[in-house]
Amino acid sequence: MLGFCRGRRKFLAASLTLLFVPAVTWIYLFTGNFDDGKSVSLSPLDAQPHSPRYSASSQRESLEVRVREVEEENRALRKQLNLAQSRSTSHRHGNRSKTYSMEEGTGDSESLRAGIVAGNSSECGQQPAVEKCETIHVAIVCAGYNASRDVVTLVKSVLFHRRNPLHFHLIADTIAKQILATLFQTWMVPAVRVDFYDADELKSEVSWIPNKHYSGIYGLMKLVLTKTLPASLERVIVLDTDITFATDIAELWAVFHKFKGQQVLGLVENQSDWYLGNLWKNHRPWPALGRGYNTGVILLLLDKLRKMKWEQMWRLTAERELMSMLSTSLADQDIFNAVIKQNPFLVHQLPCFWNVQLSDHTRSEQCYRDVSDLKVIHWNSPKKLRVKNKHVEFFRNLYLTFLEYDGNLLRRELFGCPSEADINSENLQKQLSELDEDDLCYEFRRERFTVHRTHLYFLHYEYEPASDDTDVTLVAQLSMDRLQMLEAICKHWEGPISLALYLSDAEAQQFLRYAQGSEVLLNRRNVGYHIVYKEGQFYPVNLLRNVAMKHVSTPYMFLSDIDFLPMYGLYESLRKTVVQLDMSNTKKALIIPAFETLRYRLSFPKSKAELLSMLDMGTLFTFRYHVWTKGHSPTNFAKWRTATTPYRVEWEADFEPYVVVRRNCPEYDRRFVGFGWNKVAHIMELDAQEYEFTVLPNAYMIHMPHAPSFDITKFRSNKQYRICLKTLKEEFQQDMSRRYGFTALKYLTAENNS
């Protein structure tokens, strides 16, 4: 303790010395310029040159600029000294309490003196701390497809910096809950818990408030968090979805220790002139204290707010103000500020770097000078990345870093912190432990148990299935190299589509830009895009198909591939066919005959007669007739040429047609990855479950040419790949025998004879 306080006395001496710097500064200003280096600055002050030709006023202006510059340098020095003090304190106390502290770094002389006084206390100035394994609670209101996508970037930035367990409280509508529940479940980040609260149930609490803000009714729901969140939860950090963290969120959590008296709200001052009422003529904002406060980042002391009867407080204020204001312009922010205007003691004002607001009319540039000043960046403008700010490129790059950051890298453990048992994680570890790592096919077997992070409905989706129970969804999967097929498929198939896309985080953003720039895709709201993020060395083709199938809302689905174009009008034709063939009461798999062209530019046949003519001329061929005849030969193309009514065909070995089935059909087997036997195994299981294979006489689809996939190249060039595929086939057939008994023996016989 003696050595510790001796260090504090040294710091006191250094601090007192620093108070004399301004006096020395004046001597230097009249004798010459400083030569020391400057800190890295986002907005450097440009000193004017000295010259005898300058007038007295110019020299005075130059001197004033130089004084400001030196004052800024002194402020930076004081800040560094404060930070050094903070690190020293943390280091000395770290071995005993295993905590870390935050330093606000205000940099003014008053705070410096306060630090010196604190240094003379019995505790030698210990800073407020967050325990190593203390859980940090974060509440976010999130509704709809776009907000669900935005919140992922916020979560990534928090996870990147965090060193504490996190508990997210998500107030979500039905759409956001479906998307984010799946995302977090498949993300499997250690020491992260997520709870959902039904936003739709809260609408009645705030729907009586007229609101002009683009966030709509969901922009008012932060007002009812004291009522919504568990009564046992004492404090929470509340964030907008357009927030990016540039530091550990524990530093913000530690600010709760600084609340005094009746302070229950931690807020940053508004950085625009909105509440000053001078943005345009007749601008009449809600009442606010000075510039008002921005509610993109809020610290809420929930237990004290409840005791103060916050619910009645904000309601009475809103009712009173709405008598003259008629509606809110900035949603919950207007009401929070009106309450604060009447009760200023409620607020603990946060330093502005905890909410650097980037909209066109803010003074955010006054909030920071160095990169190290930045804590939280708030894109609080409908224009988002297109706001007017001299450093917008810097902020945009920081945001894009997290936008495209590989979320799999955030699955890191928090060592030394006990975590709640996750049943999914435990089951996964058990399954993996049972695998033999010396098995030459270990990587194939492991892929079956890999949990891929999945973001459902990456883009807006809007579709209600037809009420006549005849609707059909096209199901397919793709990776980045097949993206060019999307527009063509949308032109050929007007019905709903469910797609699983295998992408990295960066590719997902490329896809987003592609989709938003395509007039064809923008006009289609009935396409569900489900992102399955890349992990492992194999293309998980059957997992992708299962993801796309699982999120089909129509009674029937057309199981296709992304490199096939269905004939024009197939969607409407199938809806009639499912009625004619009584699909709702029978187990049928309707086969769509498959053809292919070797030409990249094809005049697509508009009828069966035109297609037959192209077959005869050699422009089209039956699919894979020259490399894999067995895959489609049971379709009996010779019979199809003259058929006018549907006809039944029998299963044969290696049969893999494209079919229309009921939504409740079996899933694809996940053991098959990359190239080979992925569709064959599925058709075999349909046959084992006694589906009838029926060929449609007036339907067809055409495979478009493309470069070979990476997986088929591996299959052709890697002998071990082919050996493992054969092993997996044999194991699948054995599993079929166990599940389906005597009827499955024919698959072993057929395989031996093929």
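Counting from 1, residues in each chain are numbered in the order their sequence is written. Whole-chain, interface and lining totals are the exception, using all residues; otherwise, since this is a predicted model, local features are given only for residues with pLDDT of at least 70 and side-chain atom pairs are given and counted only at 80 or more. In computing side-chain properties, one takes all heavy atoms of the structure into account and sets aside hydrogens as well as water.

Peer 1: Hey, could you go over the overall build of the protein for me, with residue numbers and the actual values?
Peer 2: Broken down by element type, the protein carries 26 helices and 25 strands. In the protein, which comprises 754 residues, the share counted as buried stands at 53%. Contacts in the protein between residues far apart in sequence, at least 24 positions, make up 80% of those at least 6 positions apart. The numbering of helices and of strands both runs from the N terminus, where a helix is a DSSP run of H or I of at least 4 residues and a strand a run of E of at least 2. The classification of residues rests on relative accessible area computed with a 1.4 Å probe and restricted to protein chains. Under 20% of the type maximum is buried, over 50% is exposed, and intermediate values are partly exposed. Residue contacts are counted whenever heavy atoms from the two residues lie within 4.5 Å of one another.

Peer 1: Pulling in residues and values, what's your account of the sheet that holds strand 25 (residues 701–703)?
Peer 2: Being paired, for any two strands, means DSSP has found at least two bridges between them. Strand order in the open sheet made by the four strands is 18-25-20-21, with mixed pairing throughout. Pairing within the sheet leaves two strands with one partner each, and these edge strands are strand 18 (564–566) and strand 21 (621–622). Alignment of strand 20 (residues 594–596) against strand 21, held across two bridges, turns out to be antiparallel. Paired with Glu596 across the two strands is Phe621, which belongs to strand 21.

Peer 1: Give me the lowdown on the packing of helix 5 (residues 144–161) against helix 13 (residues 392–403), citing residues and values where you can.
Peer 2: Where helix 5 meets helix 13, the axes come as close as 8 Å, and the angle between the chain directions of the two elements is 90°. Judged by the inter-axis angle, helix 5 sits roughly perpendicular to helix 13. Facing Thr153, Lys156, Ser157, Phe160 and His161 of helix 5, the residues of helix 13 in contact are Tyr399, Phe402 and Leu403. Taken together, the residues of the contact of helix 5 with helix 13 sort by class into four nonpolar, three polar and one charged. Only the stretch in contact is used when a helix axis is fitted, and all axes are lines through C-alpha atoms; the angle between N-to-C directions ranges over 0 to 180 degrees. For classification purposes, angles smaller than 35 degrees are called roughly parallel, those larger than 145 roughly antiparallel, those between 65 and 115 roughly perpendicular, and all remaining angles oblique. Three classes are used, and their members are as follows: Ala, Val, Leu, Ile, Met, Phe, Trp, Tyr, Cys and Pro are nonpolar, Asp, Glu, Lys and Arg are charged, and the others, Gly among them, are polar.

Peer 1: Now, about the nonpolar core: what can you tell me, with residues and values included?
Peer 2: For the purposes of this section, nonpolar cores are sets of buried Ala, Val, Leu, Ile, Met, Phe, Trp, Tyr and Cys residues that join through side-chain atoms within 4.5 Å. With 113 residues, the main nonpolar core has Leu499, Phe511 and Phe558 as its most contacted residues. Setting aside residues up to four positions removed in sequence, Phe558 forms contacts with Val472, Thr473, Leu474, Val475, Trp493, Pro566, Leu570, Ile592, Tyr658, Val659, Val660 and Met701. Trp253, Val264, Leu305 and Leu410 belong to the second-largest nonpolar core, a separate cluster that totals 96 residues.

Peer 1: Account for a nonpolar patch on the surface, with residues named and values stated.
Peer 2: Only residues whose relative accessible area exceeds 30% and that form no salt bridge enter a patch; like-charged residues are grouped when within 9 Å of one another, and nonpolar side chains (Val, Leu, Ile, Met, Phe, Trp, Tyr) when within 5 Å. For the area figures, the Shrake-Rupley method with a 1.4 Å probe applies, and any residue is considered shielded solely by the protein chains shown. Only one rule defines a salt bridge in this text: a Lys or Arg side-chain nitrogen within 4 Å of an Asp or Glu carboxyl oxygen. A cluster of nonpolar side chains, contributed by Phe742, Leu745 and Leu748, occupies part of the molecular surface with about 310 Å² of accessible area. The exposure class of Leu745 is partly exposed, given its relative accessible area of 39%.

Peer 1: Can you break down the sheet that holds strand 12 (residues 376–378) residue by residue, with the values?
Peer 2: Taken together, the three strands give an open sheet; going across it, the order is 7-12-11, and neighbouring strands pair in mixed fashion. What marks the edges here is a single partner per strand, and that holds for strand 7 (243–245) and strand 11 (356–357). Bridge analysis of strand 7 against strand 12 gives three bridges, and the strand direction is antiparallel. Counterpart to Thr244 in the pairing with strand 12 is Ile377.

Peer 1: Account for the state of the cysteines, with residues named and values stated.
Peer 2: We call a pair of cysteine sulfur atoms a disulfide when they lie within 2.5 Å. All told, the structure shown has two disulfides when counted by the stated rule. Residue pairing for Cys441: its cysteine sulfur links by disulfide to Cys724, the two sulfurs lying 2.1 Å apart. The chirality of the disulfide connecting Cys441 with Cys724 is left-handed, given an S-S dihedral of about -95°. Taken together, the residues Cys441 in the loop between helix 14 (423–433) and helix 15 (442–447) and Cys724 in helix 25 (residues 719–740) connect sequence positions 283 residues apart. Residue classification places Cys441 among the buried residues on the basis of a relative accessible area of 5%. A relative accessible area of 1% places Cys724 in the buried class.

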